[in-house]
Amino acid sequence: MVEPKTPKTPTQQKPAQRKPSADTFLPLSRVRTIMKSSMDTGLITNEVLFLMTKCTELFVQHLAHEAHALTAKQKTGTGTSDTVKYEHLSQLVNRNKNLEFLLQIVPEKIRVHEFQEMLRMNRSGVSDDDDESGSGSDSDE
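Report on the accompanying structure. The structure presented is a predicted model; accordingly, all values stated were derived computationally and were not measured.

What counts, and where the lines are drawn
- Residues numbered from 1 in each chain as written.
- Predicted model: local features only at pLDDT ≥ 70, side-chain atom pairs only at ≥ 80, totals over all residues.
- Heavy atoms only, no water.
- Helix = DSSP H or I, 4+ residues; strand = E, 2+ residues; numbered from the N terminus.
- Buried < 20%, exposed > 50% of the residue type's maximum accessible area, 1.4 Å probe, protein only.
- Contact = heavy atoms within 4.5 Å.
- Polar contact = N/O pair within 3.5 Å; in protein donor to acceptor, adjacent residues only side chain to side chain.
- Phe/Tyr/Trp six-rings, centres within 6.5 Å; stacked < 30°, edge-to-face > 60°.
- Salt bridge = Lys/Arg side-chain N within 4 Å of Asp/Glu carboxyl O.
- Core = buried A, V, L, I, M, F, W, Y, C linked by side-chain atoms within 4.5 Å.
- Axes fitted to C-alpha atoms, helices over the stretch in contact; angles between N-to-C directions.
- Parallel < 35°, antiparallel > 145°, perpendicular 65-115°, else oblique.
- Nonpolar A, V, L, I, M, F, W, Y, C, P; charged D, E, K, R; others polar.

## Describing the overall build of the protein chain
Within the protein chain, the regular secondary structure consists of four helices and zero strands. Going from N to C terminus, the protein chain has its helices and strands arranged as α-α-α-α. A buried classification covers 13% of the 141 residues belonging to the protein chain. Contacts in the protein chain between residues far apart in sequence, at least 24 positions, make up 30% of those at least 6 positions apart.

## Observations concerning the side chain of Thr 53
Within the secondary structure, Thr 53 sits in helix α2 (residues 46-73). Here Leu 49 takes part through its backbone oxygen, which lies 2.8 Å from a polar atom of the side chain of Thr 53.

## Some points on the packing of aromatic side chains
A full pass over the atoms with the stated rule returns one aromatic pair. Look at Phe 59 and Phe 101: their rings are 6.1 Å apart centre to centre, the planes differ by 40°, and that puts the pair in the tilted class. You can see Phe 59 sitting in helix α2 and its partner Phe 101 sitting in the loop between α3 (86-95) and α4 (112-140), a full 42 residues away along the chain. Given the relative accessible area of 55%, Phe 101 is considered exposed.

## A few points about the pattern of salt bridges
Here the structure, examined in full by the defined rule, presents three salt bridges. Across the salt bridge formed by Lys 54 and Glu 57, the nearest N and O atoms sit 3.7 Å from each other. Taken together, the positions of Lys 54 and Glu 57, both in helix α2 and three residues apart, correspond to about one turn of that helix. By relative accessible area, which is 11% here, Glu 57 ends up buried. For Glu 100, the salt bridge is made with Lys 97, and the minimal N-O distance between the two is 3.3 Å. The exposure class of Glu 100 is partly exposed, given its relative accessible area of 42%.

## Topic: the nonpolar core
Judged by nonpolar contacts, Leu 63, Ala 67, Leu 70, Leu 92, Val 93, Leu 99, Leu 102 and Val 106 together constitute the single largest core of eight residues. With three residues, α2 is the single largest residue contributor to this core. When sequence neighbours within four positions are dropped, the list of residues in contact with Leu 92 reads Leu 63, Glu 66, Ala 67, Leu 70 and Leu 99.

## Notes on the packing of α2 against α3
Contact geometry for α2 and α3: axes closest at 9 Å, N-to-C directions at 105°. Compared by their axis directions, α2 and α3 come out roughly perpendicular. Residues Leu 63, Glu 66, Ala 67, Leu 70 and Thr 71 of α2 pack against His 88, Leu 89, Gln 91, Leu 92 and Arg 95 of α3.

## Describing the packing of helix α1 (residues 28-36) against α2
Where α1 contacts α2, the two axes come as close as 10 Å, and the packing angle between them is 100°. Relative to α2, the element α1 is oriented roughly perpendicular. Contacts between α1 and α2 involve Leu 28, Val 31, Arg 32 and Met 35 on the former and, on the latter, Asn 46, Val 48, Leu 49, Phe 50, Met 52 and Thr 53. In the contact of α1 with α2, the residues fall into seven nonpolar, two polar and one charged.

By themselves, these figures tell us nothing about what the structure is for.
Following this line, the structure appears as structure tokens:
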């Protein structure tokens with residue numbers, strides 16, 4: 001006689017972890033779609049798709065690990081959270097030369113008033129440059 005399975009309580013359930021295998025965590029169809037969105041991509045074989053997917057997974061895993069290590073370094077006596085936040089990722093990208101290509105994707109957050117001040121400074125700098133170039137053209141006449 002087969003006994004019915006009793007549902008486990010949340011404390012009894014083991015966290016869902018995949019064993020390392022040839023399978024991927026990311027869906028291959030989504031990776032293929034992203035790859036096809038590039039103008040330079042020709043035929044995408046299954047082998048190339050699999051390798052790109054695994055490489056992407058390893059990169060994301062490395063990025064998360066490094067960001068977590070940065071979080072652990074920044075722990076203080078009051079804040080003992082192991083949570084990786086956006087600020088940790090942006091700090092990692094800004095500090096690591098190898099992650100420089102992500103600067104526009106993961107920029108450091110700035111406050112609105114800081115951004116407005118930067119815009120004012122840029123506008124005043126541009127208007128000063130225009131005045132100088134405009135006076136230079138008058139002297140040519």
